[in-house]
Amino acid sequence: MDKILVHGGRPLSGSVRISGSKNSALPILAASLLTRDRCVIHCVPDLSDIHYMLQILSHLGAHVERASGTVIIQAEKISTVAPYEIVRKMRASVCVLGPLLGRHREAKVSLPGGCVIGDRPIDLHLRGFRALNAACRVEAGDVKVFADELRGSTVDLEGKQGPTVLGTDNVMMAATLAEGVTVIEGAAAEPEVVDLAHFLIKMGAKIEGAGTRRITIEGVKELHGAEHSVIPDRIEAGTFLVAAALAGTEVTLRRVNSDHLKAVLNSLTDAGFRMDVQRDQITVHGNGSPRPLELITEPYPGFPTDMQAQMCALLSRANGVSRATETVFPQRFMHVSELKRMGADIELDGATAIIRGPSQLSGAPVMASDLRASAALVLAGLVANGLTEVNRVYHIDRGYESIDEKLAGLGAHIERVKDRSH
Ligand code: EPZ
């Protein structure tokens, strides 16, 4: 397994281009199953999660072509079974259920396993499918959904942990081809849900309210092909904002959508960082010693759970006591033990991390886990004394396109060591 070596202490400066959004591209690629026509998707990031999704679509019978950031998909004839050996690699593959149900009224997908940030139930997805008159069965590790005909209705998709992003995506996709009108109450309002809705509307779907907690979908007979460019990845952008705040003198992020980063920008401003914010680019003036913060992760537009680990790395350098509370994935603290090995002073109190600073971090061999926790370890390595060796970087490659090359381009002393043993 490859590893990333980070030699701390180098200041970051210059500019970096942010890639297309992983969490927007994945459901949009799945949505191409809703039509037999050709779909062309631009700004698709080169990530292992995307590779797995393209593998699943090919396995289902779609014709898939990829030329750098553009993917062409044509799902003329497709099967409706996504098998375990492919699905097990990525739980987001659950988002092929909705398109298969909408297109063929049936689907069988291996159940997504849990993952390090907690178990990943799909009960809300199934609640939505049942509301569309589909029968859902979970047996032998597979989830099967089928319906004689899909009929629109009203369904509240909010769960005890708030709205579901992929659940909203799945039900919205199936509802585009159901009889009648579907209203999703308690819908996720993430920008990636809005981007998917924009793509579906280009395919001929009738959708209103995407980006609010109430989405209305009027079913149509069929959808046609479309062309679309995926929005910039707001979590990659947030990760580089934190890298610049930690280790920067002055860093500019290009091809961002700053509207999608308001909660992160507000937190960094509260922590004392000066930023020049334009619609599609942001310049951060690092100072490496933030003010302490009280963070609570919430569904969009609140502070994103996918940025919590990165902020823990930053706040270990703050003058004072900070708290980061997870309300979306209460167990999402795999990074804490590794950051402590680097000298951070963090203790867990239930779903809250209490971070005391400033700590002088020291490089150490650390273990990557969930992709955002792994990115947080790389960020910590940028300002740690000595060498940080991040193992199992395949976790990082799931969600970040060439993070080592992009950071090296900003002046970091970072290198990827290929594991020649296999
Ligand atoms: C999406 O996951 C993202 N992944 C996650 O990003 C992100 O952290 C998450 O949304 C929350 O914003 C993709 O878009 C591919 P959820 P998703 O359904 O849709 C509970 C990353 O780093 N829940 O919004 O799977 C669930 O357990 C990844 O790129 C149910 O209880 O998350 C969680 O506590 C990590 N029942 C909460 O809801 C369900 O049926 C939010 O989950 C579904 C979810």
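The following paragraphs examine the structure supplied in this document. All figures in this text were calculated on a predicted structure; none of them were measured in a lab.

Section: the overall build of the protein
In step 1: Regarding its fold elements, the protein presents 14 helices and 24 strands.
In step 2: In terms of C-alpha radius of gyration, the protein reaches 21 Å, essentially the compact-globule figure of 22 Å for 422 residues.
In step 3: Seen through its C-alpha atoms, the protein measures out along the principal axes to roughly 60 × 45 × 40 Å.
In step 4: Relative to its full complement of 422 residues, the protein shows a buried share of 58%.
In step 5: Pairs at least 24 residues apart make up 73% of the contacts formed inside the protein by residues separated by at least 6 positions.
In step 6: Averaging the locations of the 46 positively and 49 negatively charged side chains of the protein gives two centres separated by 2 Å.

Points about the site of the ligand
In step 1: Lining the immediate environment of the ligand, one finds 24 residues, of which D123, L124, T164, D306 and V328 sit closest.
In step 2: Within the side chain of N23, a nitrogen or oxygen atom sits 3.0 Å from an oxygen atom of the ligand.
In step 3: Between an oxygen atom of the ligand and a side-chain N or O atom of D306, the distance comes to 2.6 Å.
In step 4: Counting only elements with at least two residues in the shell around the ligand, the list comes to α1 (22-31), α5 (123-131), α6 (165-175) and α12 (371-383).
In step 5: Broken down by element, the shell around the ligand gets its largest block of residues, three residues, from α5.
In step 6: Here the shell around the ligand is composed, by residue class, of 11 nonpolar, five polar and eight charged.
In step 7: Counting contributing residues, the shell around the ligand receives three or more from each of domain 1 (2-18 + 232-418) and domain 2 (22-229).

Quick word on the pairing of strand β5 (residues 70-74)
In step 1: Summarising the sheet, strand β3 (residues 38-42) and β5 pair through four bridges and their orientation is antiparallel. By the bridge assignment for β5, R38 is matched with Q74.

Comments concerning the nonpolar core
One broad rule of soluble globular proteins: the nonpolar side chains tend to lie buried together.
In step 1: Residues L29, M53, V96, F129, M172 and L200 are the most contacted members of the largest nonpolar core, which totals 73 residues.
In step 2: In contact with L29, not counting residues within four places along its chain, are I41, V44, I50, M53, L54, L57, V71 and I73.
In step 3: By size, the runner-up hydrophobic cluster in this structure holds 70 residues, among which are L246, C312, A376 and V390.

Concerning the sheet that holds strand β6 (residues 81-82)
In step 1: The sheet built from four strands is open, its strands ordered β6-β7-β9-β8 with mixed pairing. The two strands at the open ends of the sheet, each matched to only one other strand, are β6 and β8 (135-139).
In step 2: Where helix α4 (residues 97-104) meets the sheet, its contacts fall on β7 (106-110) and β9 (142-146), and the angle it forms with β7 comes to roughly 160°.
In step 3: Packing of α5 onto the sheet brings it into contact with β8 and β9, and relative to β8 it is tilted by some 145°.

Focus: the environment of G411
In step 1: By secondary structure assignment, the location of G411 is in the loop between α14 (403-409) and β24 (413-417).
In step 2: G411 sits in the partly exposed class, given a relative accessible area of 27%.
In step 3: Separated by 398 residues in sequence, G411 and S13 place their C-alpha atoms 6.5 Å apart.
In step 4: Once you skip the residues sitting within four places of it in the chain, G411 turns out to touch R10, P11 and L12.

Quick word on the packing of helix α8 (residues 234-247) against helix α9 (residues 262-270)
In step 1: Direction vectors running N to C along α8 and α9 enclose 10°, while the axes themselves pass 10 Å from each other. Here α9 runs roughly parallel to α8, going by the angle between their axes. Classified by chirality, the crossing of α9 by α8 is right-handed. Listed contacts from α9 to G238, L241 and A245 of α8 are V264, L265 and L268.
In step 2: Split into classes, the residues belonging to the contact of α8 with α9 amount to five nonpolar, one polar and no charged.

So, the side chain of D142
In step 1: Within the secondary structure, D142 is located in strand β9.
In step 2: For D142, a relative accessible area of 16% translates into the label buried.
In step 3: Setting aside residues up to four positions removed in sequence, D142 forms contacts with K108, V109, S110, L111 and R137.

Quick look at unusual backbone geometry
The phi torsion of most residues other than glycine is negative, and most of the peptide bonds are trans.
In step 1: In this structure, P301 follows Y300 across a cis peptide bond, with omega equal to 10°.
In step 2: By the element assignment, P301 lies in the loop between β18 (294-296) and α10 (308-315).
In step 3: With an omega of 5°, the peptide bond running from G357 to P358 counts as cis.
In step 4: For P358, the location among the structural elements is in the loop between β21 (352-357) and β22 (365-367).
In step 5: Even without being a glycine, R255 presents a positive backbone phi close to 55°.
In step 6: Mapped onto the fold, R255 is located in the loop between β15 (248-254) and α9.
In step 7: Take R255: its relative accessible area is 21%, and that puts it in the partly exposed class.

What counts and what doesn't
- Residues numbered from 1 in each chain as written.
- Predicted model: local features only at pLDDT ≥ 70, side-chain atom pairs only at ≥ 80, totals over all residues.
- Heavy atoms only, no water.
- Helix = DSSP H or I, 4+ residues; strand = E, 2+ residues; numbered from the N terminus.
- Rg over C-alpha atoms; globule rule 2.2 N^0.38 Å.
- Buried < 20%, exposed > 50% of the residue type's maximum accessible area, 1.4 Å probe, protein only.
- Contact = heavy atoms within 4.5 Å.
- Lys, Arg positive; Asp, Glu negative; His and termini not counted.
- Charge placed at Lys NZ, Arg CZ, Asp CG, Glu CD.
- Near = heavy atom within 4 Å.
- Polar contact = N/O pair within 3.5 Å; in protein donor to acceptor, adjacent residues only side chain to side chain.
- Nonpolar A, V, L, I, M, F, W, Y, C, P; charged D, E, K, R; others polar.
- Domains from an automatic or database assignment.
- Pairing = 2+ DSSP bridges.
- Core = buried A, V, L, I, M, F, W, Y, C linked by side-chain atoms within 4.5 Å.
- Axes fitted to C-alpha atoms, helices over the stretch in contact; angles between N-to-C directions.
- Parallel < 35°, antiparallel > 145°, perpendicular 65-115°, else oblique.
- Left-handed = near helix turned anticlockwise from the far one by under 90°.

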